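Analysis of the macromolecular model
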Amino acid sequence: MKKETRSDVLIIGGGLAGLTQAAVLGRAGVDVAVIDREPPSTHLNAAYDGRTTAISFASHRVLQAAGAWDAMQKDCCPILDIRVADGNAPQFLHFATDEDANGEPFGWIIENRLMRKYLFENLRGIESVTHLAPVEISEFVQNDASAGVKLKDGRTLSAPLLIGADGRQSPTRKHLSIGVKEWSYGQAAIVCNVTHDLDHENVALEHFLPAGPFAVLPMTDDENGNHRSSVVWTVEDKEAAKILKLEPATFDARLQELFGEHLGGVAAVSKPMAYPLGLMHADTYTAARVALMAEAAHVVHPIAGQGLNLSMRDIAVLSELVVSRMKLGLDIGSPRLLADYENWRRVDTLLMAGFTDLLNRLFSNNMQSVGLLRDMGIGIVDKIPALKGFFARQAMGLGGTAPKIIQGLPL
Ligand SMILES: Cc1cc2nc3c(=O)[nH]c(=O)nc-3n(C[C@H](O)[C@H](O)[C@H](O)COP(=O)(O)OP(=O)(O)OC[C@H]3O[C@@H](n4cnc5c(N)ncnc54)[C@H](O)[C@@H]3O)c2cc1C
């Protein structure tokens, strides 16, 4: 590679969001460089990320535009039924695809590790995308016409638009001194994959327990035909370390208590990992020639499985704005484009951050008065089709003003 490389767009961070963003722009003919500090082999290691993602209906459209969906789909398990219960209260909210989603899946579950694998393979087939990993940034550089980075190996990369997709601790955001609002929930999510005796029948379950939600998400069967689900078990953060130290048989017994008997016997088949939970929102998503996206701009509670789905909507919007301006020969890093991006994305993100925060506060506690209120709420939503339809559309990522690729239109 040359000592100085200029592309149309430079993406810092090749995680799930950065890789998808690079592919969507690349497929539309935009010249993109995407860089990451970790080699792909680290990203594919099971110890790097033990999570699965619930990909919403809208996000699958973004992955289609990226060109990655067709290959990925075989490892994605469709969610056809969602059941939400408040502890052991009899009242529960039930969404069924035939009644609430016109027969379309509400979403799909896939392991993050596999999603990365498909995204790496996909990028290799896109000529206009250069993927550099691992690289180390030594400094950010900026002038009126471009933003970029100098690498430790002496190379310089720049573009009229730099996208910061470098995660929660975003070096791009920190370099720009963009402040954040953030707080911890005092909770951690323990995640692992399990096998179970009985078929999950594509049902996703969420039980609200006093320490936080316990979710069981349907996965594809393993290569031996064993039925699998992934678990997101929210606990108080001081409990997480103790739970991770349990002997495997004791851990399985704790899981079995939480599952009950509806899937038969359950056993963990991946190493349980804990993720501390918090909310983070950047004070602004933009600076001169820079757009922040995904977890560099916002982190939400996983209670509704919407973090990456929000990021997929960032990708859809930013791609549309870049490609439409490029077709007209306009500057794709202009203040106008950056303002349009921020205006389009901010409300959706704040609503989701507020909604997940409220859900968590309402459901993750033991107060009797709050318990009564939320059980009434669940009962009411379950009985009113218009309200249920609204929540189903939000879960599918179809609320708000949908960008072109989420409507299934070309860029
Ligand atoms: C328990 C749990 C369950 C979740 N479940 C869901 C779900 O079901 N559905 C959903 O939509 N979301 C879910 N999420 C959220 C989702 O996992 C995250 O939003 C997503 O993984 C973040 O991806 P990202 O690309 O924004 O950030 P990251 O994965 O953090 O990627 C950032 C990248 O930037 C790179 N980077 C950092 N610094 C530098 C640097 N200096 N130079 C170069 N590269 C750099 C990193 O190496 C990394 O590859 C869940 C989250 C949790 C905690």
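For the structure, see preceding data.
Please read all numbers here as calculations on a predicted model, not as lab measurements.

Here's the deal with the overall build of the chain
Secondary structure assignment for the chain yields 13 helices and 22 strands. Here the chain holds 411 residues, and the buried ones make up 45% of them.

Regarding the packing of helix α1 (residues 16-27) against helix α3 (residues 57-66)
In contact at an axis separation of 7 Å, α1 and α3 are set at 55 degrees when each is read in the N-to-C sense. Taken as axis vectors, α1 and α3 run oblique relative to one another. Residues Thr20, Ala23, Val24 and Arg27 of α1 pack against Val62, Leu63, Ala65 and Ala66 of α3. Grouping the constituent residues of the contact of α1 with α3 by class yields six nonpolar, one polar and one charged.

Quick notes on the site of the ligand
If you check the shell around the ligand, you find 32 residues, and the closest are Gly13, Gly15, Gly167, Ala294 and Gly307. Breaking the shell around the ligand down by element, the ones donating at least two residues are α1, β4 (52-56), β14 (180-196) and α10 (307-327). No other element matches α10, which puts four residues into the shell around the ligand. Broken down by class, the residue content of the shell around the ligand amounts to 15 nonpolar, eleven polar and six charged.

With respect to the sheet that holds strand β21 (residues 290-292)
Spatially, β9-β3-β2-β13-β21-β20 is the arrangement adopted by the six strands of the open sheet, whose pairing is mixed. Here the strands that pair on one side only, and so sit at the sheet edges, are β9 (129-132) and β20 (286-287). Pairing of strand β2 (residues 9-12) with strand β3 (residues 32-35), which is carried by four bridges, proceeds in the parallel orientation. Bridge pairing in β3 places Ile11 opposite Val34.

With respect to the pairing of strand β15 (residues 203-209)
Burial analysis of β15 places five of its seven residues in the buried class, the great majority of the element. In the sheet, strand β6 (residues 81-86) pairs with β15 via six bridges, with the strands oriented parallel. In the sheet register, Asp81 faces β15, and the bridge partner there is Val203. Two strands pair when backbone bridges link them, and β15 and strand β16 (residues 212-219) are joined in this way by five bridges, in the antiparallel orientation. From the neighbouring strand, Leu205 faces β16, where its bridge partner is Val216.

Re the pairing of strand β17 (residues 227-236)
Burial analysis of β17 places eight of its ten residues in the buried class, which makes it a mostly covered element. Where β14 and β17 come together, ten bridges link them in antiparallel fashion. Its bridge partner being in β17, Thr195 is matched across the sheet by Arg228. Both β16 and β17 contribute to a ladder of six bridges, which runs antiparallel. Residue pairing across strands places Pro218 opposite Ser229, the latter belonging to β17.

A few points about the sheet that holds β4
Within the open sheet, the three strands sit side by side as β4-β8-β5. Their pairing is antiparallel. Taken across any chain shown, the strands that pair with only one partner, and hence form the sheet edges, are β4 and β5 (77-79). Averaged over neighbouring strand pairs, the angle between their axes works out to 30 degrees when direction is ignored. Its contacts with the sheet place α3 against β4 and β8 (107-111), and it is angled at close to 95 degrees to β4.

Some points on the packing of α10 against helix α11 (residues 335-363)
Closest axis-to-axis distance for the α10/α11 pair is 10 Å, and the angle between their directions is 165 degrees. In terms of their interaxial angle, α10 and α11 are classed as roughly antiparallel. Note that α10 runs across α11; the crossing there is right-handed. Seen from α10, the contacting residues are Leu310, Arg313, Asp314, Val317, Leu318, Leu321 and Arg325; seen from α11, they are Leu337, Asp340, Tyr341, Trp344, Arg345, Asp348, Thr349 and Met352. The class makeup of the residues in the contact of α10 with α11 is eight nonpolar, one polar and six charged.

Remarks on the environment of Met312
Along the chain, the position of Met312 falls in helix α10. What makes Met312 buried here is the crowd of 31 C-beta atoms within 10 Å. Here the alpha-carbon distance between Met312 and Val180, two residues 132 residues apart in the chain, equals 21 Å. Non-local contacts of Met312, meaning those with residues more than four positions away in its chain, are made with Thr20, Ala58, Ser59 and Val62.

So, the environment of Glu182
As for its position among the elements, Glu182 is in strand β14. For Glu182, a count of 12 C-beta atoms within 10 Å translates into the label exposed. Once residues within four sequence positions are removed from consideration, Glu182 is found in contact with Gly278, Leu279 and Met280.

Describing unusual backbone geometry
The omega angle of the peptide bond from Ala133 to Pro134 is 5 degrees, so this bond is cis rather than trans. Note on placement: Pro134 falls in the loop between β9 and β10 (137-142). Within the chain, Asn202 stands out as a residue other than glycine whose phi angle is a positive 60 degrees. The phi dihedral of Ala294 is positive, around 55 degrees, even though this residue is not glycine. Structurally, Ala294 is set in the loop between β21 and β22 (298-299).

Some thoughts on α3
Think of an α-helix as 3.6 residues a turn; residues three or four steps apart then line up on the same face. Buried residues dominate α3, accounting for nine of its ten residues. Inspection of α3 places Phe57, Ala58, Ser59, His60, Arg61, Val62, Leu63, Ala65 and Ala66 among the buried residues, and these make up the whole buried set. Residues of α3 that are buried sit in contact with α1, β4, α4 (69-72), β8, α6 (112-124) and α10. Just beyond α3, the residue with positive phi is Gly67, at close to 85 degrees.

Calculation criteria
Residues numbered from 1 in each chain as written. Predicted model: local features only at pLDDT ≥ 70, side-chain atom pairs only at ≥ 80, totals over all residues. Helix = DSSP H or I, 4+ residues; strand = E, 2+ residues; numbered from the N terminus. Buried ≥ 20, exposed ≤ 12 C-beta atoms within 10 Å, placed from the backbone. Axes fitted to C-alpha atoms, helices over the stretch in contact; angles between N-to-C directions. Parallel < 35°, antiparallel > 145°, perpendicular 65-115°, else oblique. Contact = placed C-beta atoms within 7 Å. Nonpolar A, V, L, I, M, F, W, Y, C, P; charged D, E, K, R; others polar. Near = placed C-beta within 6 Å. Pairing = 2+ DSSP bridges. Left-handed = near helix turned anticlockwise from the far one by under 90°.

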